[in-house]
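A closer look at the structure
Listed below are the residues making up each chain.
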Amino acid sequence: MEHLIIVTGGSAGIGHALLATAPADAHRVTVSRRPAPDVARGHLEADLADPASWARVGDVIDAVATEREWARITCIQSAGTLEPIGFAGEVDPDRYQTNVLLNAAAPQVLGHRFLGAVSHLGCRRELVMVSSGAARKDYPGWSSYGAAKAALDRWVSTVGAEQAQRGGVRVLGITPGVVATAMQERIRATDARDFPQVERFRGLQEEGELEDPEAVARRFWAVLDDDEVPSGTVLDLRDHAG
Ligand SMILES: NC(=O)c1ccc[n+]([C@@H]2O[C@H](COP(=O)([O-])OP(=O)(O)OC[C@H]3O[C@@H](n4cnc5c(N)ncnc54)[C@H](OP(=O)(O)O)[C@@H]3O)[C@@H](O)[C@H]2O)c1
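A brief report on the enclosed structure follows. (Residues numbered from 1 in each chain as written. Predicted model: local features only at pLDDT ≥ 70, side-chain atom pairs only at ≥ 80, totals over all residues.)

**Details of the overall build of the protein chain**
On a plain count of helices and strands, the protein chain comes out with seven helices and seven strands. Listed N to C, the secondary structure of the protein chain is β-α-β-β-α-β-α-β-α-β-α-α-α-β in terms of helices and strands. Taken against the 2.2 N^0.38 rule, which gives 18 Å for 242 residues, the C-alpha radius of gyration of the protein chain at 17 Å falls within 12% of a compact globule. Over its C-alpha atoms, taken along the principal directions, the protein chain stretches across nearly 50 × 40 × 35 Å. Within the protein chain, the proportion of its 242 residues that are buried is 38%. Sequence separation of 24 or more characterises 63% of the internal contacts of the protein chain that already satisfy a separation of 6 or more. (Helix = DSSP H or I, 4+ residues; strand = E, 2+ residues; numbered from the N terminus. Rg over C-alpha atoms; globule rule 2.2 N^0.38 Å. Buried ≥ 20, exposed ≤ 12 C-beta atoms within 10 Å, placed from the backbone. Contact = placed C-beta atoms within 7 Å.)

Structure (structure tokens):
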């Protein structure tokens, strides 16, 4: 029996690294606009900022999870964006709405669908939200992004407690640290008027402080394999000994 791994945002960055470092015999699927043929057998093409896509994605997750017996099922929601970086009230309203829908709404709605699809199954099952330090700290210019991550942290702790009562899916929130992806390139290219802390992030890169995505992804898998981390936990990867 195979391990089914579904990653939203598996086409790039941390999501791609999670698929690249997954067990070689796993059945890997990315849910994203672009495919990831080098690391994923399956590609469910979807713009997750479009609410019209959510029911279709939920239906496919349901169908894949139940089409055969799996040894383990892992769903990691990594799709996200910082765009548009800038102050609330100043940036383009349509792009702000896209940010809210992708970062805050889609992971909750799809998380809900995933749990409905797998709660009755007997195998090991995990649902992970990729969080951020911005959930707990103010970064002017990232208002809807930080608010979305804070919402997901609360979702994880609440739903994790629910699943500990019944359902049995381990629900986790994981903060990866500062990782060398396109998202960080975008941050460094931002004008200080839109993101006043930009110099700090440029400095981190100059000092070689950005983490390698695949090294980060391996630590993600170590957390997922660690039975000592209970459902409902929101943790910073840098605090996990494994
Ligand atoms: N990099 C960091 O330092 C850092 C730090 C803390 C947290 N995080 C979190 O880590 C996660 C991944 O970030 P990353 O740095 O890997 O970003 P990234 O390199 O920019 O990759 C973003 C991923 O999200 C997908 N995505 C974006 N918009 C989408 C949409 N509308 N519909 C479907 N998929 C979409 C992209 O796929 P397509 O373009 O193919 O659709 C891509 O696979 C995010 O949740 C982010 O908040 C990152």
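On we go.
**Things to note about the packing of helix α2 (residues 54–66) against helix α3 (residues 93–118)**
Two elements in contact, α2 and α3, have axes separated by 9 Å at closest approach and are oriented at 30 degrees. What the angle tells us is that α2 and α3 run roughly parallel. The handedness of the crossing between α2 and α3 is right-handed. Counting all contacts with α2, which are made through W54, V57, G58, I61, D62, A65 and T66, the residues of α3 involved are A106, V109, L110, R113, F114, A117 and V118. Looking at the contact of α2 with α3, its residues break down into ten nonpolar, two polar and two charged. (Axes fitted to C-alpha atoms, helices over the stretch in contact; angles between N-to-C directions. Parallel < 35°, antiparallel > 145°, perpendicular 65-115°, else oblique. Left-handed = near helix turned anticlockwise from the far one by under 90°. Nonpolar A, V, L, I, M, F, W, Y, C, P; charged D, E, K, R; others polar.)

**Topic: the sheet that holds strand β4 (residues 72–77)**
Strands sit in the order β3-β2-β1-β4-β5-β6-β7 across an open sheet of seven strands; the sheet is parallel. Both edges of this open sheet fall to β3 (42–45) and β7 (234–236), since each of them pairs with a single strand only. Strand-to-strand, the axes of this sheet are offset by a mean angle of 20 degrees, without reference to chain direction. Note: strand β2 (residues 27–32) against β3, four bridges, orientation parallel. The residue of β3 that forms the bridge with S32 is E45. Contacting β5 (124–130), β6 (170–175) and β7, helix α4 (residues 143–165) crosses the sheet at an angle of about 155 degrees to β6. (Pairing = 2+ DSSP bridges.)

**Observations concerning the packing of helix α1 (residues 13–20) against helix α7 (residues 213–225)**
It is at 8 Å that the axes of α1 and α7 come closest, and there the two elements cross at 65 degrees. Crossing angle aside, the handedness with which α1 passes α7 is right-handed. From α1, G13, I14, A17, L18 and A20 reach across to α7, where they touch P213, E214, V216, A217 and F220. The class makeup of the residues in the contact of α1 with α7 is eight nonpolar, one polar and one charged.

**Let's talk about unusual backbone geometry**
Going from E83 to P84, the amide bond is cis rather than trans, its omega being -5 degrees. On the secondary structure map, P84 appears in the loop between β4 and α3.

**Remarks on the site of the ligand**
By nearness alone, 27 residues border the ligand, and G9, G13, R33, R34 and G80 come closest of all. Only α1 and α5 (182–188) provide two or more residues apiece to the shell around the ligand. Split into classes, the residues belonging to the shell around the ligand amount to 13 nonpolar, eleven polar and three charged. (Near = placed C-beta within 6 Å.)

**So, the environment of D62**
Along the chain, the position of D62 falls in helix α2. The exposure class of D62 is partly exposed, given the 15 C-beta atoms found within 10 Å. For D62 and Q77, which are 15 residues apart along the polypeptide, the C-alpha to C-alpha distance reads 16 Å. In contact with D62, other than residues within four places in its own chain, are R113 and A117.

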